[in-house]
Amino acid sequence: MQRQHLHSLALSLTLGLAAGAASAADVTVATWNLGWHLDAPLATRWIAACGQKFSKSADGLWRPDAAGPKTGWQLRWGRDAKIEWDIGQLPPCDVWQSRFKPVPVTEAALAKRRQQIAEVLATKVNADVIAFQEVSSVQAVREVLPDGGRDYEVCGFTSHKVQRLAFAWKRKVASAVGTCEVYAPLALPDRPVKEQPRPGLSVTLRIGGHVTRFMTVHLKSSCVSPLEGGGGTRGQLASDDKACSVLQAQLQPLETWLQERSQGVDAVVMLGDFNRNIAHEASLPANTPVRSQGRSTNLWREVNDGVPAASLLTALDTACPLDATSAALCKDAKSRVLDKPEMAQLTDAKALGCRNPIGLDHIAVRLPAGAAAGAVPVAEKVALGFLGRTLEASDKRPEPLLAVSDHCPLRARLSL
C-alpha cells in the first residue's frame with residue numbers, strides 16, 4: 001500500500017510538473033448577449049404568433065382572437081397591455097422598438113440581422129472561444145457564425161427556457177474535453193417555473209498544452225448596481241427588492257459551482273452577462289461589510305472569496321476603445337452611475353451604439369500557473385455603432401432594420 005501511495009504521489013508530481021511546463025497559447029475569448037436571438041424556424045413561429053389578432057377580455061388580459069382589434073405588434077407590452085403569453089417559450093413582440101413603439105419584425109429583417117451579426121463576429125470580435133447568452137439553440141448560433149460555423153464547434157442545451165446559453169470555439173485552436181455541462185441549480189429549480197432564472201453552462205477545452213474550464217452565466221436582471229440612488233432599494237442586493245432577492249438566491253449555487261468546477265484544470269474563465277456591475281461593487285469602501293443580516297451585499301466578493309484557492313478569479317478591467325471623451329465616460333462609469341446625457345453619449349451610434357453599453361458583461365480569469373506577471377489583460381468593448389439601432393419600415397425602406405443586440409460584445413486576449 002505504501003509503495004502504491006509513493007508511486008501515485010510521484011505520478012501526481014510528474015503530471016503537475018508537466019502541466020506547469022506546458023506551453024501557453026494566446027487566444028481571444030469573448031462574451032455576447034444576443035438579445036432574444038432565435039433560430040430561423042422558431043423565429044417564423046414567433047412572427048406568426050405576434051401577427052395574430054388580440055382582444056382584451058373582461059379580466060383585463062389580451063388574448064389571441066381572430067376578430068380582435070390589434071395585432072401583437074401593436075400592443076405596448078408590459079406597459080398598458082397585460083398579455084396572456086409565456087415569454088419562457090417565445091419572446092414578447094416588442095423586443096425591437098423605435099421611438100418606444102414596437103417594430104413589426106419580418107423574415108427578411110431577421111435574415112439581414114443574422115448576416116450583420118456574422119460580420120461583427122468575423123471582423124470585430126474575431127474570437128477563438130465565444131460565450132453566447134439569449135440564444136434559443138445551437139442552430140441559432142450556427143446561423144450567425146462566420147461561414148455558417150464551418151470552422152467552429154458549438155454546444156448548448158434545449159432544456160429550460162428560450163433564453164439559453166451556448167459556447168462556440170474554433171477547431172484549430174481548441175478541442176473539447178468531455179461535453180458541455182448545464183448547471184441547473186443556478187436556475188433555482190425549486191421555484192415555480194415562471195420565476196426560475198437561467199442555468200449556467202460550462203465547457204472544458206484543451207488549448208495548447210493547458211486545459212481550461214469555461215463557465216458562462218446569465219444572472220437575474222434588474223439588480224444592477226449598489227450605487228443606484230433614489231432612496232429606494234433598487235440595486236441593493238441585500239434588500240427585499242424582487243429582482244435582487246432572486247439574484248441573492250443565485251449566489252450560493254454560483255459560488256458552489258465555481259468552487260467545484262475550478263478544480264482539476266489549469267485555468268478557469270468565467271464570463272457572461274452577470275447583470276451586476278462588479279466595478280461598482282469594487283468601488284465601495286473597503287470596510288463595507290460583505291453581508292448584512294444574513295444576506296450578501298456584494299455579489300463578487302461573496303462568490304469570489306478564494307476558498308478554495310483554485311477558485312479565486314481576477315475580474316478583468318474593461319476599456320472602451322473610443323474617442324477620448326467617450327473613453328473617459330466609460331472609465332468614469334466604473335465608479336459612478338452616469339446621468340442620462342452621459343449614457344446617451346455612450347449609447348450613441350458614433351460611440352458604442354448598444355443600449356446596454358457597460359457594467360453588465362464581465363470576464364474573470366484564473367490563468368495557468370507560472371503565467372508571467374502582468375499577464376492579466378484588459379477586456380475591451382466592441383462598438384456596434386449603427387448596427388445597435390432599430391428603425392421601423394418606411395416608404396424608402398420597405399423592411400425594418402433591427403439592432404443586432406442591446407449588448408456590445410466584450411473580448412479579451414488571454415494566455416491559456
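What counts and how
- Counting restarts for each chain: residues are numbered from 1 in the order of the written sequence.
- Restriction of local features to residues with pLDDT of at least 70 applies here, the model being predicted, together with a cutoff of 80 or more for giving and counting side-chain atom pairs; totals for whole chains, interfaces and linings are based on all residues.
- Side-chain measures were taken over the full set of non-hydrogen atoms in the model, leaving aside hydrogen atoms and water.
- A run of H or I in DSSP becomes a helix once it reaches four residues, and a run of E becomes a strand once it reaches two; helices and strands are each numbered from the N terminus.
- Salt bridges are identified by distance alone: a Lys or Arg side-chain nitrogen within 4 Å of an Asp or Glu carboxyl oxygen.
- Think of it in three bands: residues with accessible area under 20% of the maximum for their type are buried, residues over 50% are exposed, and the middle band is partly exposed, with areas taken using a 1.4 Å probe on protein chains only.
- Disulfide: a pair of cysteine sulfur atoms within 2.5 Å of each other.

Colleague: Honestly, unusual backbone geometry in this entry has me stumped. Any pointers?
Modeller: Peptide bonds are, in most cases, trans, and in most cases residues other than glycine have a negative phi. Pro308 follows Val307 through a cis peptide bond whose omega is 0°. Take Pro308: it is sitting in the loop between helix H7 (299-303) and strand E18 (314-315). A positive phi angle, close to 55°, is found at Asp147, a residue other than glycine. Residue position: Asp147 is located in the loop between helix H4 (138-142) and strand E9 (152-156).

Colleague: I would appreciate a short explanation of the pattern of salt bridges in the present structure.
Modeller: Think of it this way: side chains of opposite charge can pair up when their charged atoms draw near. On inspection of all chains with the given rule, the structure shows 19 salt bridges. Between Asp59 and Arg63 there is a salt bridge; the shortest N-O distance is 3.0 Å. Classification of Arg63 by relative accessible area gives partly exposed; the value is 22%. Where Arg261 meets Glu181, a salt bridge forms, and the shortest distance between an N and an O atom there is 3.0 Å. Here Glu181 lies in strand E12 (residues 181-183) and Arg261 lies in helix H5 (residues 242-261), a separation of 80 residues in the sequence.

Colleague: Sorry, what's going on with the state of the cysteines here?
Modeller: One covalent bond between the sulfur atoms of two cysteine residues makes up a disulfide. Under the counting rule described, the total for this entry stands at five disulfides. The residue that forms a disulfide with Cys223 is Cys244, at a sulfur-sulfur distance of 2.0 Å. With the S-S bond torsion at 100°, the cross-link from Cys223 to Cys244 turns out right-handed. Linking Cys223 in the loop between strand E14 (210-218) and H5 with Cys244 in helix H5, this pair joins segments that are 21 residues apart in sequence. Judged by its relative accessible area of 0%, Cys223 is buried. Under the relative-accessibility criterion, Cys244 is labelled buried at 0%.

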